[in-house]
2 protein chains.
Amino acid sequence: MTDTVLTPSPSAPAAVGRIALVGIGPGSVDHMTARAREAIAEADVVIGYVTYIKLVADLVEGKEIIRKSMTEELDRAVSALEAARAGKKVALISSGDAGVYGMAGPTYEVLFQAGWTPEGDVEVEIVPGASALNSCAALVGAPLTHDFCAISLSDLLTPWPVIARRLDAAAAADFVTALYNPKSGRRTRQIQEAQRLFLRHRSPDTPVAIVKSAYRRRQSIQFTTLAQMAEHDIGMLSTVLIGNSNTFVRDGLMVTPRGYANKYDVAGDGTAHEGEKAGRSLSTGLHGWLDTLQAAHAAGTTIDQLAHQYRLPADYIRITLQDPLQPESDDTAAGETEA
Amino acid sequence: MTDTVLTPSPSAPAAVGRIALVGIGPGSVDHMTARAREAIAEADVVIGYVTYIKLVADLVEGKEIIRKSMTEELDRAVSALEAARAGKKVALISSGDAGVYGMAGPTYEVLFQAGWTPEGDVEVEIVPGASALNSCAALVGAPLTHDFCAISLSDLLTPWPVIARRLDAAAAADFVTALYNPKSGRRTRQIQEAQRLFLRHRSPDTPVAIVKSAYRRRQSIQFTTLAQMAEHDIGMLSTVLIGNSNTFVRDGLMVTPRGYANKYDVAGDGTAHEGEKAGRSLSTGLHGWLDTLQAAHAAGTTIDQLAHQYRLPADYIRITLQDPLQPESDDTAAGETEA
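Residues numbered from 1 in each chain as written. Chains lettered and ligands numbered in written order. Predicted model: local features only at pLDDT ≥ 70, side-chain atom pairs only at ≥ 80, totals over all residues. Heavy atoms only, no water.

A.B. asks: Help me understand the relation of the copies chain B and chain A in this model?
C.D. replies: Related by rotation about an axis and a shift along that axis, the two copies of the chain form a pair. Of the transformation placing chain B onto chain A, the axial shift is 0.0 Å and the rotation is 180 degrees, giving an RMSD of 0.0 Å. Such a turn and shift between the copies fits a two-fold axis. Both copies share a contact surface, since 99% of the interface residues of chain B are interface residues in chain A too. (Least-squares fit on C-alpha atoms with pLDDT ≥ 70 in both. Contact = heavy atoms within 4.5 Å.)

A.B. asks: Would you explain the sheet that holds strand β12 (residues 248-250) of chain A in this entry?
C.D. replies: Sheet strands associate in pairs through backbone hydrogen bonding, adopting either a parallel or an antiparallel arrangement. Spatially, the three strands line up as an open sheet ordered β6-β13-β12 (chain A), and their pairing is mixed. Looking at strand neighbours, the two that pair on one side only are β6 (141-142) and β12 of chain A, the edges of this open sheet. Where β6(A) lies against strand β13 (residues 253-255) of chain A, two bridges are found, and the strand directions are parallel. From the neighbouring strand, A:Gly141 faces β13(A), where its bridge partner is A:Met254. Taken strand by strand, helix α4 (residues 104-113) of chain B contacts β6, β12 and β13 of chain A, and its axis lies near 115 degrees from that of β13(A). (Pairing = 2+ DSSP bridges. Helix = DSSP H or I, 4+ residues; strand = E, 2+ residues; numbered from the N terminus. Axes fitted to C-alpha atoms, helices over the stretch in contact; angles between N-to-C directions.)

A.B. asks: When you look at the sheet that holds strand β11 (residues 238-242) of chain B in this model, what are you seeing that I'm missing?
C.D. replies: Taken in spatial order, the ten strands line up as β10(A)-β9(A)-β11(A)-β8(A)-β7(A)-β7(B)-β8(B)-β11(B)-β9(B)-β10(B) in an open sheet, and their pairing is mixed. The open sheet has two free edges, formed respectively by β10 (220-225) of chain A together with β10 (220-225) of chain B, since each of these has just one partner strand. Strand-to-strand, the axes of this sheet are offset by a mean angle of 15 degrees, without reference to chain direction. Relative to the sheet, helix α5 (residues 132-140) of chain A contacts β7 (148-152), β8 (176-180), β9 (207-212), β10 and β11 (238-242) of chain A, its axis offset from that of β11(A) by approximately 65 degrees.

A.B. asks: Help me understand the confidence of the model for chain A in this model?
C.D. replies: In low-pLDDT segments, the atomic positions of the prediction should not be examined closely. Of the residues in chain A, 85% have a pLDDT of 70 or more, and the chain-wide mean is 86. Our summary of model confidence lists the complex with pTM equal to 0.88 and ipTM equal to 0.88. (pLDDT = per-residue confidence, 0-100.)

A.B. asks: Even after reading the chapter, I still don't get the pattern of salt bridges, so can you show me in this structure?
C.D. replies: If charged atoms from side chains of opposite charge come close, those side chains can pair. Residues and elements named next belong to chain B. Evaluation of the coordinates by the stated rule reveals 38 salt bridges over all chains. Note that Asp174 is salt-bridged to Arg202, the shortest N-O span being 3.4 Å. Here Asp174 is found in the loop between α6 (160-172) and β8 (176-180), whereas its partner Arg202 is found in the loop between α7 (190-199) and β9 (207-212), with 28 residues between them in sequence. Assessed through its relative accessible area of 5%, Asp174 is described here as buried. Ionic pairing is found between Glu193 and Arg196, a salt bridge with its closest N-O pair at 3.1 Å. (Salt bridge = Lys/Arg side-chain N within 4 Å of Asp/Glu carboxyl O. Buried < 20%, exposed > 50% of the residue type's maximum accessible area, 1.4 Å probe, protein only.)

A.B. asks: Would you explain the side chain of B:Arg189 in this entry?
C.D. replies: Here B:Arg189 shows up in the loop between β8 and α7. Taking the relative accessible area as the measure of exposure, B:Arg189 reaches 5% and is therefore buried. Setting aside its immediate chain neighbours within four residues, B:Arg189 contacts A:Leu286, A:Leu290, A:Thr320, A:Asp323, A:Pro324, A:Leu325 and B:Arg196.

A.B. asks: What's the story with the nonpolar core in this structure? I'm lost.
C.D. replies: Nonpolar side chains tend toward joint burial in soluble globular proteins. A:Ile19, A:Tyr108, A:Phe148, B:Tyr108 and B:Phe148 are the most contacted members of the largest nonpolar core, which has 94 residues in total. Leaving out residues up to four positions away in the same chain, B:Phe148 has contacts with A:Val100, A:Tyr101, A:Phe148, A:Cys149, A:Ala150, B:Leu133, B:Phe175 and B:Val176. By size, the runner-up hydrophobic cluster in this structure holds 72 residues, among which are A:Trp160, B:Ala170, B:Val240 and B:Trp289. (Core = buried A, V, L, I, M, F, W, Y, C linked by side-chain atoms within 4.5 Å.)

A.B. asks: What is the right way to read unusual backbone geometry from this model?
C.D. replies: Peptide bonds are mostly trans, and most non-glycine residues show a negative phi. Residues and elements named next belong to chain A. Not every positive phi belongs to a glycine, and Ser213 is a case in point at roughly 50 degrees. Position of Ser213 relative to the elements: it lies in the loop between β9 and β10. Classification of Ser213 by relative accessible area gives buried; the value is 10%. Even without being a glycine, Arg311 presents a positive backbone phi close to 50 degrees. Relative to the helices and strands, Arg311 resides in the loop between α9 (303-310) and α10 (314-322).

A.B. asks: Help me understand a nonpolar patch on the surface, please; the structure alone is not making it clear to me.
C.D. replies: Residues and elements named next belong to chain A. A cluster of nonpolar side chains, contributed by Ile221, Phe223 and Val249, occupies part of the molecular surface with about 210 Å² of accessible area. Relative to the elements of secondary structure, Phe223 occurs in strand β10. Overall, Phe223 belongs to the partly exposed group, its relative accessible area being 31%. (Patch = residues over 30% accessible without salt bridge, like charges linked within 9 Å, V, L, I, M, F, W, Y side chains within 5 Å. Areas by Shrake-Rupley, 256 points an atom, 1.4 Å probe, with all protein chains shown as cover.)

A.B. asks: Honestly, the packing of aromatic side chains in this entry has me stumped. Any pointers?
C.D. replies: Any aromatic ring pair is given by two values, namely how distant the centres are and how the planes are angled relative to each other. On inspection of all chains with the given rule, the structure shows 18 aromatic pairs over all chains. Through successive ring pairs, a cluster of aromatic residues spans A:Tyr108, A:Phe112, A:Trp116 and B:Phe248. Over the ring of B:Phe175 we find A:Arg166, and its NZ or CZ is 5.7 Å from the ring centre. (Phe/Tyr/Trp six-rings, centres within 6.5 Å; stacked < 30°, edge-to-face > 60°. Lys NZ or Arg CZ within 6 Å of the ring centre and 35° of its normal.)

A.B. asks: I would appreciate a short explanation of the interface of chain B and chain A in the present structure.
C.D. replies: A common way to express how large an interface is: the accessible area buried when the components associate. Opposite the 124 residues of chain B that make contact, chain A presents 123 residues. There are twelve salt bridges connecting chain B and chain A. Put simply, A:Arg166 and B:Asp174 hold a salt bridge, and the shortest N to O gap is 3.9 Å. For the pair chain B and chain A, the number of links is 48 residue pairs in polar contact (both at pLDDT 80 or more). No other element matches α6(B), which puts eight residues into the side of chain B that touches chain A. Class assignment of the residues belonging to the side of chain B that touches chain A gives a composition of 61 nonpolar, 33 polar and 30 charged. Of the strand pairs in this sheet, β7(A) and strand β7 (residues 148-152) of chain B are connected by three bridges, and their pairing is antiparallel. Within β7(B), the position partnered with A:Phe148 by the bridge is B:Ala150. (Polar contact = N/O pair within 3.5 Å; in protein donor to acceptor, adjacent residues only side chain to side chain. Nonpolar A, V, L, I, M, F, W, Y, C, P; charged D, E, K, R; others polar.)

A.B. asks: Would you explain helix α1 (residues 34-42) of chain A in this entry?
C.D. replies: Along an α-helix, residues three or four positions apart point the same way, because every turn accommodates 3.6 residues. All names here are of chain A. The complete set of buried residues in α1 reads Arg35, Ala36, Ala39 and Ile40. Mapping the buried residues of α1 onto a view down its axis gives an arc of 135 degrees, with all of them on the same face. Elements in contact with the buried residues of α1: β1 (17-23), β2 (45-49), β4 (89-94) and β5 (122-127). (Arc of directions from axis to C-beta.)

Right, dumping it as C-alpha cells:
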C-alpha cells in the first residue's frame with residue numbers, strides 16, 4: 001500500500017491519470033460492451049488476474065501489462081493507483097461486472113485509504129458489464145424473470161452464520177438464488193450446507209442449473225435438482241442457479257414465470273399453509289391485500305392470526321392496519337413488469 | 001396468441017427463423033455488447049417498447065419495426081414468433097438484461113404454449129447485458145461488492161404478501177437490495193411499505209441511492225437514507241439501491257466493503273445481539289464455526305441457545321452438529337472472493 005496522502009488542490013484540479021474498472025462480461029469478446037473495449041484500448045496499463053488478461057489478449061498488445069494472481073486483489077488496486085498517479089490511463093479488468101463481487105469495492109477502499117477524492121488527480125470510472133448471473137441465466141433459459149438474489153459461499157471474509165442466515169432467508173422467501181464461489185478445493189462442505197438450508201423450505205425437485213465457464217471454451221451446463229445438486233461437478237468457475245417454487249425446466253430450458261397471481265392464492269408460493277384461505281384472486285396486490293386485512297380484522301381475526309396466515313411479522317401487520325387505506329389512483333402507469 | 005401448434009419434424013430440422021432476445025444495457029449504445037449490436041444488425045424485424053426502439057434508432061434504419069406499448073409484453077412475444085415462423089430474423093429488445101424482469105421469460109412461455117421446441121424451426125438466443133442493477137451500481141460507486149438481491153415492487157402479477165416476505169427477508173439477512181419498479185403513478189404506497197419493513201431490521205441511517213435513467217440523457221442520482229428515501233422523487237425509471245449494514249457513502253460514492261471478518265465478531269452484522277459472544281476472530285468461516293459450535297455444545301450450551309445466539313433455525317444447528325467435522329484440506333484454491 002502506498003502511504004502517499006493526497007491533498008486535493010483546487011488550483012490544480014486537472015486529472016492527470018485515470019482508472020477504469022472494466023467488467024469484461026463472461027469472457028468472450030462478443031459479450032463485452034463498446035465502452036469496455038474502448039477503456040482497454042485507451043489504457044496505457046492493463047491490470048488483472050492472469051486468466052482475464054488472456055481473455056482480452058487481442059486488445060492489449062503493446063500495452064504495459066500487470067498480471068496479478070487471484071489473491072492479490074488489493075495489490076491490483078494499489079498498482080492501479082500508483083500508475084494513475086504517474087499520469088497513466090489504467091484499465092483494471094474484472095470478469096463479469098466489476099461491481100458484482102468484483103474489483104470496484106476493494107479499489108475504492110484502497111483509494112480512500114490513500115487519501116484519494118473524486119476531485120483529485122485521478123479519475124475513476126466503473127464500466128458495467130454482464131455479471132455471471134446474467135450470462136449464466138442467458139445460457140440456461142430465463143430463470144431470473146422474478147425476484148432473485150446472489151450469495152457467495154466464500155467464507156474467507158464473511159462469517160458462516162451471516163452466509164447461512166442469507167441462504168435461509170433466500171430459501172424461505174422463495175428467491176431465485178445464484179450461488180457465487182460455490183465450491184473450491186478447500187471449500188467443499190459449504191455447498192452441502194447451502195443445500196441443507198434450502199431443503200428446509202424448498203421442494204427437493206426444485207430445478208437447479210450448474211453453469212461452468214459460461215461463453216468460454218470449456219462451457220458446460222448441467223440441469224439437476226436441489227436434492228442432487230451437491231453430487232455434481234462444481235468448482236470455482238461454476239455458478240449455481242436455484243429456481244423459485246414456480247421455476248420449471250422444459251426442453252432443456254429453465255424458466256421462471258413472471259407472476260404468481262394467475263396461478264395461486266394470495267399466499268402466492270404454490271403451497272397451502274395452515275390457516276390460509278384463498279385471497280381475492282383479482283386483487284392480491286397491496287391495496288387488495290390491505291382491504292382483505294382490514295375486513296378480516298374487523299370480523300374478529302386477531303393480528304397474531306393474520307401474521308401467522310401471511311407469514312409476516314405481527315408488528316408489521318399491526319402498523320399497516322393502523323395506516324388508513326388511500327383510494328387507489330386511476331393513473332395506470334405503463335410498464336409495471338419491466339425494468 | 002397464435003393457435004398454430006408446431007409439430008417438430010426430424011426430417012426438416014433446418015431453422016427457418018430466429019428470435020434474439022437482446023438486452024441493450026442501460027440505453028446508451030456505449031454500454032451495449034458487440035453481440036447485442038450484431039443481433040440487431042442481423043435482424044429483419046426489430047420489436048420492442050417504443051422507448052427502447054428510440055434508444056437504438058441509429059441501428060434499426062431500413063428494418064421492419066414493430067413498436068409495442070409497455071403493457072403488450074405477450075403481444076411482443078407473439079409477434080416475434082409469427083415473424084420467425086415466416087422465416088425472418090427477429091431482434092426482440094429489452095432494456096437492461098433481457099433475462100432480468102425482461103422479455104426472456106414471457107417469450108419462452110408464449111413459445112412453449114405455441115408448441116415450440118428448441119429443435120424446431122425457430123432458433124432462440126438470449127443476449128445478456130448489464131441489468132439496471134449493474135448500471136446503477138456502476139454510477140453510484142461499488143454497492144454490490146457483497147451479497148445482494150433484486151425485488152420488484154410491482155404487485156400486478158405478484159401478491160403483496162410474497163413481496164413483503166421478500167423485503168422482510170432481505171432486510172433481516174442484511175442483503176444489499178435493489179428495488180425494481182419501485183413506484184408508479186398508481187403504486188405509491190409500496191415504497192413506503194418497503195421502507196417500513198426495512199426499518200424493522202436496519203438502521204434509519206442505512207445508505208440508499210435512487211438512480212433514474214442511468215446512462216441516459218435525464219440521468220439523476222440521489223443519495224439518501226432509509227429513513228428519508230420515500231420522500232424523494234422516485235418513478236418508473238428509478239432503481240432504488242439500499243445498502244447493507246456495512247455500506248457507507250463517502251465523497252459521493254456508495255461502497256459496500258467486501259467482508260465482515262475483519263471488522264466484526266462472528267455474528268457478523270455489526271450489531272451485538274443478546275447472548276452473543278465474539279467468535280474466534282481468525283476462523284469465522286464454516287469450519288471455524290462448526291468447531292465453535294461443537295465445543296459450545298459439548299460444554300453444555302443447548303441447541304436452542306445456539307440457535308438464538310446465531311439467529312439460525314434450531315433444526316439446522318441440530319443436523320449440522322450431527323454431521324462430523326471433516327479435516328480441512330490444505331488445498332488453498334485461488335480466487336475466493338471474485339466470480
